[in-house]
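Results of the structural survey
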Amino acid sequence: DTAVSQTPKYLVTQMGNDKSIKCEQNLGHDTMYWYKQDSKKFLKIMFSYNNKELIINETVPNRFSPKSPDKAHLNLHINSLELGDSAVYFCASSHLGTGELFFGEGSRLTVL
Amino acid sequence: SQQGEEDPQALSIQEGENATMNCSYKTSINNLQWYRQNSGRGLVHLILIRSNEREKHSGRLRVTLDTSKKSSSLLITASRAADTASYFCATDAGRADGLTFGKGTHLIIQP
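For every chain, the first residue of the written sequence is number 1, and numbering continues from 1 onward in sequence order. Whichever chain is written first is A, and whichever ligand is written first is 1; the rest continue in order. Owing to the predicted nature of the model, reporting of local features is limited to residues with pLDDT of at least 70; listing and counting of side-chain atom pairs is limited to 80 or more, with chain, interface and lining totals taken over all residues. The side-chain values count all of the structure's non-hydrogen atoms but skip hydrogen atoms and water molecules.

**What to know about the sheet that holds strand β7 (residues 61–66) of chain B**
Residues and elements named next belong to chain B. In short, DSSP must find at least two bridges between two strands for them to pair. Strands here mean DSSP runs of E at least two residues long; helices mean DSSP runs of H or I at least four residues long; both are numbered from the N terminus. Overall, antiparallel pairing links the five strands, which are arranged β1-β3-β8-β7-β6 in an open sheet. Where the open sheet ends on each side, the last strands, each with one partner, are β1 (5–7) and β6 (55–58). In this sheet, neighbouring strand axes are inclined to one another by 20° on average, regardless of whether the strands run parallel or antiparallel. Bridge analysis of β6 against β7 gives four bridges, and the strand direction is antiparallel. Bridging from a neighbouring strand, H57 pairs with R62 of β7. Axis geometry follows a simple rule: fit a line to the C-alpha atoms, using only the stretch in contact for helices, then measure angles between N-to-C directions, giving values from 0 to 180 degrees.

**Observations concerning the nonpolar core**
Only buried Ala, Val, Leu, Ile, Met, Phe, Trp, Tyr and Cys residues count toward a nonpolar core, and they belong to the same one when joined by side-chain atoms within 4.5 Å. When a residue's accessible area, from a 1.4 Å probe over protein chains only, is under 20% of the maximum for its type it is buried; when over 50% it is exposed; and in between it is partly exposed. Ranked by internal contacts, the top residues of the largest apolar core, which has 21 residues, are L32, W34, L74, I76, Y87 and L107 of chain B. Counting residues in each nonpolar core, the second largest holds 19 residues, with C23, L76, Y89 and C91 of chain A among its members.

**Side note on the sheet that holds strand β8 (residues 73–78) of chain A**
Residue and element names in this part refer to chain A. The strand order β1-β3-β8-β7 describes an open sheet built from four strands, whose pairing is antiparallel. In this open sheet, the two edge strands, each paired with only one partner strand, are β1 (4–7) and β7 (64–70). The sheet shows a mean angle of 20° between the axes of neighbouring strands, direction not considered. Bridge count for β1 against strand β3 (residues 19–25) is four bridges, and the pairing is antiparallel. Its bridge partner being in β3, T7 is matched across the sheet by K22.

**Observations regarding the interface of chain A and chain B**
By definition, residues are in contact when any of their heavy atoms lie within 4.5 Å. Across the contact, 20 residues belong to chain A and 21 residues belong to chain B. A simple way to read buried area is as the amount of 1.4 Å-probe accessible surface that goes missing from two parts once joined, with both sides added. Interface of chain A and chain B: buried area, both sides summed, is about 1,700 Å²; carbon and sulfur atoms make up 55% of it. Here a salt bridge means any side-chain nitrogen of Lys or Arg lying within 4 Å of a carboxyl oxygen belonging to Asp or Glu. Our enumeration of links across chain A and chain B arrives at one salt bridge. For the salt bridge of E105 of chain A with R41 of chain B, the shortest nitrogen-to-oxygen distance reads 2.3 Å. In protein, a polar contact means a hydrogen-donor-capable atom and an acceptor-capable atom, both N or O and within 3.5 Å, with residues adjacent in sequence counting only if both atoms are side-chain atoms; elsewhere, any N or O pair within 3.5 Å suffices. Where chain A packs against chain B, one counts five residue pairs in polar contact (both at pLDDT 80 or more). For the side of chain A that touches chain B, the secondary-structure elements that each account for two or more residues are β4 (31–37) and β5 (43–50) of chain A. When residues are grouped by polarity, Ala, Val, Leu, Ile, Met, Phe, Trp, Tyr, Cys and Pro land in nonpolar, Asp, Glu, Lys and Arg in charged, and all others, Gly among them, in polar. Across the side of chain A that touches chain B, the residue classes tally to 10 nonpolar, five polar and five charged.

**As for the state of the cysteines**
Criterion for a disulfide: a pair of cysteine sulfur atoms within 2.5 Å. Evaluated as defined, the whole model comprises two disulfides over all chains. Each disulfide pairs two cysteine sulfurs, and for C23 of chain A the partner residue is C91 of chain A, the sulfurs being separated by 1.9 Å. Looking down the S-S bond of the C23 of chain A and C91 of chain A bridge, the torsion is -75°, so its handedness is left-handed. Residue C23 of chain A is located in strand β3, and its partner C91 of chain A is located in strand β9 (residues 87–94); the two are separated by 68 residues in the primary sequence. As far as the burial class goes, C23 of chain A and C91 of chain A line up, both buried. Each sulfur in the disulfide pair C23 of chain B and C89 of chain B lies 2.0 Å from the other. Across the S-S bond of C23 of chain B and C89 of chain B the torsion is about 65°, and the bridge reads as right-handed. Of this pair, C23 of chain B sits in strand β3 (residues 19–24) while C89 of chain B sits in strand β9 (residues 85–92), placing them 66 residues apart in sequence.

What follows is the structure, encoded as C-alpha cells:
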C-alpha cells in the first residue's frame with residue numbers, strides 16, 4: 001500500500017487553465033504539506049496544514065489554494081496557470097513534532 | 001527562505017569509495033535531516049539528528065552535526081551503484097511550517 005499517493009503523476013495543460021492535484025495519506029498523520037520542486041531541484045514549502053492550522057508560505061501566489069476534505073487528504077488547486085508554475089509538486093505528511101516527512105512520488109505539471 | 005546549502009553540488013566517485021556531502025544552515029534548529037531522491041521519484045528520509053546530538057549512524061550512513069558552525073555532513077561508506085541519487089539536507093526549526101530544504105548534492109557512483 002502506498003503511504004502517500006498523489007494524482008495525477010503527469011499533468012500537461014494550457015496557460016490560464018485551472019487544475020487540481022490530489023493527495024492522500026494512509027499513515028494516520030496529522031499534518032500534510034505541499035512542496036514545489038523547480039527545474040534546479042530546489043524544494044520550496046508551499047503549505048503546511050493540520051486540522052488546526054494552515055500555514056501558507058508568503059511567497060506563494062494566491063492562485064494556489066490547498067483544500068482538505070479530511071485529515072487524510074490535502075488537495076492543491078491552482079487557478080489561472082502560468083508558465084512559471086511548471087514544476088514537480090510533492091505532497092508530504094508527518095506527525096506534527098516528530099520531524100520525519102513521508103513524501104509522495106510527485107506530480108509533474110507542465111504549463112504550455 | 002532557503003536554509004540549507006549542500007556542498008558539493010555534484011559528486012562522482014567509484015563504487016566502493018566513500019562519499020561525503022556537507023550542509024550549512026543559517027538559523028537555530030531542532031533537528032536536521034537527510035533525504036535521498038532517486039531520479040523521477042519522491043524524497044525518502046534517511047536519518048535525523050537532533051540539535052543536542054553530534055553524530056549518528058545508520059547502516060552505511062554517518063551524520064555529524066556541529067551547531068556552533070551550523071553545519072552537518074553525511075558520509076556514505078562503501079558506496080554502491082544504487083546510491084546514485086540526489087541527497088538533500090533539511091532543517092526543522094520546530095515550527096509547524098515543515099522542513100526547509102537545501103539545494104541538494106547529486107551523487108553519481110561509477111561502477
